[in-house]
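Observations on the three-dimensional arrangement
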Amino acid sequence: MNPRRKKRLTIISLILFGVASVTGLSLYGLSNFVDVFYTPSEVHNGKEDGTLKPEVGQNIRVGGLVVVGSVKRDPETLKVSFDLIDTGPMITVQYEGILPDLFREGQGIVAQGKLIKPTTLLATEVLAKHDEEYMPKEIADAIGKHHKPADYN
Amino acid sequence: MWKWLHPYANPEVAYQFTGKLIPWFNGIAFILLSIGLFLGLAYSPADYQQGETVRIFYIHVPAAILSMGLYFAMAIAGLSALVWQLKLAHAAIAAIAPVGAAFTAIALITGAAWGKPMWGTWWIWDARLTSELILLFLYFGVIALGNAFEDKSQGAKAVSVLALVGVVNLPIIHYSVEWWNTLHQGATVTKFAAPSMAMSMYIPFVICFFGCAFLAGSLICKRFQGQVLARNSLRPWVKQLALAEDN
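Basis of the calculations
- Residues numbered from 1 in each chain as written.
- Chains lettered and ligands numbered in written order.
- Predicted model: local features only at pLDDT ≥ 70, side-chain atom pairs only at ≥ 80, totals over all residues.
- Heavy atoms only, no water.
- Helix = DSSP H or I, 4+ residues; strand = E, 2+ residues; numbered from the N terminus.
- Buried < 20%, exposed > 50% of the residue type's maximum accessible area, 1.4 Å probe, protein only.
- Patch = residues over 30% accessible without salt bridge, like charges linked within 9 Å, V, L, I, M, F, W, Y side chains within 5 Å.
- Areas by Shrake-Rupley, 256 points an atom, 1.4 Å probe, with all protein chains shown as cover.
- Salt bridge = Lys/Arg side-chain N within 4 Å of Asp/Glu carboxyl O.
- UniProt positions renumbered as here; feature names shortened; annotations may be inferred.
- Domains from an automatic or database assignment.
- Pairing = 2+ DSSP bridges.
- Expected span 1.5 Å × (residues − 1).
- Bend = angle between axes of the 7 residues up to and from the residue.
- Disulfide = S-S within 2.5 Å.
- 1 Å grid on protein atoms, 1.4 Å probe; cavity = no way out; pocket = protein on both sides within 12 Å on 5 of 7 lines; lining within 4 Å.
- Points joined across faces, edges and corners; volume = space filled by probe spheres on them.
- Nonpolar A, V, L, I, M, F, W, Y, C, P; charged D, E, K, R; others polar.
- Core = buried A, V, L, I, M, F, W, Y, C linked by side-chain atoms within 4.5 Å.
- Contact = heavy atoms within 4.5 Å.
- Polar contact = N/O pair within 3.5 Å; in protein donor to acceptor, adjacent residues only side chain to side chain.

1. Points about unusual backbone geometry
All names here are of chain B. In this structure, Gln85 takes a positive phi of about 50° despite not being glycine. Tracing the sequence through the fold places Gln85 in the loop between α2 (57-83) and α3 (87-118). Residue Gln85 is classed as partly exposed on the basis of its relative accessible area, which comes to 46%.

2. A short note on a nonpolar patch on the surface
Residues and elements named next belong to chain B. Taken together, the side chains of Met1, Trp2, Trp4, Leu5, Tyr8, Val13 and Phe17 make up a nonpolar region of the molecular surface, amounting to roughly 790 Å² of accessible area. For Val13, the position within the fold is in helix α1 (residues 11-43). Taking the relative accessible area as the measure of exposure, Val13 reaches 31% and is therefore partly exposed.

3. Considerations on the UniProt feature "domain: Cytochrome c assembly protein" (unreviewed entry) in chain B
The positions that UniProt labels "domain: Cytochrome c assembly protein" (unreviewed entry) are, in the present scheme, residues 28-184 of chain B. Across residues 28-184 of chain B, the secondary structure splits into 78% helix and 0% strand, with the terminal C-alpha atoms separated by 32 Å.

4. Section: the domain arrangement of chain A
Considered domain by domain, chain A is made up of domain 1 (3-33) and domain 2 (36-131). For domain 1 of chain A versus domain 2 of chain A, the separation of C-alpha centres amounts to 39 Å.

5. Some details on the pairing of strand β4 (residues 91-96) of chain A
Successive side chains on a regular strand alternate, one facing one side of the sheet and the next facing the other. All names here are of chain A. Burial of the side chains of β4 is restricted to one face: Ile91, Val93 and Tyr95 are buried, whereas none of Thr92, Gln94 and Glu96 on the reverse face is. Where strand β3 (residues 79-85) and β4 come together, 6 bridges link them in antiparallel fashion. Each residue of the ladder has a partner; that of Asp83, found in β4, is Thr92. Taking the residues that link successive antiparallel strands as the turn, the β3-β4 hairpin has 5 residues. As defined by bridge partners, β4 adjoins strand β6 (residues 120-129) across 4 bridges and the pair is classed as parallel. Of the residues in β6, the one forming a bridge with Val93 is Leu121.

6. Description of the UniProt feature "transmembrane region" (unreviewed entry) in chain B
As recorded in UniProt, the sites labelled "transmembrane region" (unreviewed entry) are residues 21-44, 56-84, 91-115, 127-146, 158-177 and 197-221 of chain B. Taken end to end, residues 91-115 of chain B is 100% helix and 0% strand, and its two terminal C-alpha atoms sit 37 Å from one another.

7. Notes on α3(B)
Residue and element names in this part refer to chain B. End to end, α3 covers 47 Å across 32 residues, agreeing with the expected 46 Å (1.5 Å per residue, within 8%). Along its length, α3 reaches its greatest deviation from straightness, about 25°, at Ile96, and the proline Pro98 lies no more than four positions downstream. Gly120 sits one or two residues past α3 and shows a positive phi near 105°.

8. Focus: the state of the cysteines
On inspection of all chains with the given rule, the structure shows 0 disulfides over all chains. The structure places no disulfide on Cys221(B), whose sulfur is separated from the nearest cysteine sulfur, that of Cys212(B), by 16 Å.

9. Describing the layout of surface pockets
Residues and elements named next belong to chain B. Put simply, the largest pocket is a space of about 1,200 Å³. Along its surface, the largest pocket is lined by 31 residues, and Leu5, Tyr8, Ser80, Leu86 and Leu88 are the ones closest to its centre. Going through the elements one at a time, α1, α2, α3 and α7 (199-231) are the ones with two or more residues in the lining of the largest pocket. By residue number, the principal contributor to the lining of the largest pocket is α7, which donates 7 residues. For the lining of the largest pocket, the per-class residue count stands at 26 nonpolar, 4 polar and 1 charged.

10. A few points about the nonpolar core
Membership of the largest hydrophobic core comes to 74 residues, with the highest contact counts inside it found for Phe57(B), Leu70(B), Met74(B), Phe103(B) and Phe224(B). With 15 residues, α3(B) is the largest single contributor of residues to this core. Setting aside residues no more than four positions away along its own chain, Phe103(B) makes contact with Ala63(B), Leu66(B), Ser67(B), Leu70(B), Cys212(B) and Ala216(B). Grouped together as the second largest cluster of nonpolar side chains are 19 residues, Tyr38(A), Ile60(A), Ile91(A) and Leu99(A) included.

11. Considering the UniProt feature "binding site: heme" (unreviewed entry) in chain A
Under the feature "binding site: heme" (unreviewed entry), the UniProt entry names His130(A) and Tyr134(A). Within the secondary structure layout, His130(A) lies in the loop between β6 and α4 (137-142). With a relative accessible area of 4%, His130(A) lands in the buried category. Ignoring any residue separated from it by four or fewer positions in sequence, one finds His130(A) in contact with Leu102(A), Gln107(A), Gln49(B), Gln50(B), Met118(B), Trp119(B) and Gln185(B). Here Gln50(B) takes part through its side chain, which lies 3.2 Å from a polar atom of the side chain of His130(A). With respect to the helices and strands, Tyr134(A) occurs in the loop between β6 and α4.

12. Examining the pattern of salt bridges
Under the definition given, this model contains 2 salt bridges over all chains. The closest approach of N and O atoms between Asp141(A) and Lys137(A), which form a salt bridge, is 3.3 Å. Taken together, the residues span about one helical turn, with Asp141(A) and Lys137(A) both in helix α4 at a distance of 4 residues. Asp141(A) gets classed as partly exposed once you look at its relative accessible area, which sits at 42%. Residue Arg55(B) pairs with Glu52(B) through a salt bridge whose shortest N-O separation is 2.8 Å. Relative accessible area serves as the criterion here: at 51%, Glu52(B) is assigned to the exposed category.

Have a look at this one:
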C-alpha cells in the first residue's frame, strides 16, 4: 500500500475508533435510561448499583413474567390484577381494560402506569412481550409448552 | 493480490459487468421469492402462540437483515472511496442508499403492523426500534447530502464520511435487545447458535431472505449503472452508448 493511502487509512481508522468509543461510552453511561422498563426487583431495590429507585406517584413501565395463579378478575367489570416477577421479589399490577391476546400466566408482559404504592402499579397500558421462539402447535404440544390463551370468562 | 480487481475500476467495464448481472439477479430473485413467499405465506405452519400473524416474519426479518447488510456494504464503499479514492465507490454509495432506506422502511412498517396485534402497540421507544429508526435517518442523511451538492465530486467526500461513521449504529441495533430491556425479543436467526424456529418455518425464511437479497442486488446494479452514466456523461463511451440506443 503506498504511503498516502496508508496515512488516509490510519486517519480514518482513528476517526472511526473515536466515534465508536464516544458512542459506546455515552450509551454505557446512559444505559439505565435506555432501558424501556424496570424489572420487579428494580422497583424494589433500584437499578443494579442501587440508584434510580422509582418513587410512589412516578409513571413507569414494569416488565416481568405474570405469576402463575396470581391473575384475579372482577366478575362485574374489566378490572384485573396480577403479580409480576423476575428473579427477585414481585410487584402487583392493577389494570382496567382489555388485555392483549398473548396475555397468559407465565407470559412476559410490560405494564405502563403509575406506582400507587411502593410495590403496586396502577397500569394504563399492558403490552405483551413474546420470546424469539417460533414453532407450530404440534411441536409445542409435543414438548409440553404451555400456550393456553387467557380465560376471559 | 487484488490485481484481478483492477480492470473493474474502469467505469465502462463496471457498467458492462453490472449490466450482465442484472438479468441473472432478476431471474434468481423472481424464482426464490415466488417459492419463498408461497411457502411462507400459504404453506408453512402457523405459530403455536401467535397463529397466522407469524407470517410477517418472512418479510420483516429479511428486510431488517438487509437494511443493516446494505448499510455495511455502503460503509465499505465509503471506506474505499476515502482511502483508495475510487470514483466508482461514490456511485456505489449513491446506488445503495435508497434501496437500503426502502428495506429499512419495510422493516419498520411491517414491524409496526406486527407489533399492534401481538404486543398491543404500533410503536414503543425501546432501544431496538429507536436504533432502527436512526438507521433510516442515516440513509436519508446520505441521500440528502449526496443531492445537496451541485457538483457530485465535491459532496462525495462528505457522503463517504457519513456512510462510514454511521456503521457504529449497526452493532447497537444488533445487540440492543441484549444490552438493554426492550419490548422487542432477542434474535431468532441472526446468531451463531441454531435458529430458534422450527425447520418448517426456517426454510421458507431462508428462501425469502436470498430472494430479497438478489432483488436488492438487481435494484442496486440498475441504480449503479445510472449513476455511472450520470457521472461519466462527457466520456466518449457514454456518447457512443447513447448514439447506439438512438439507432
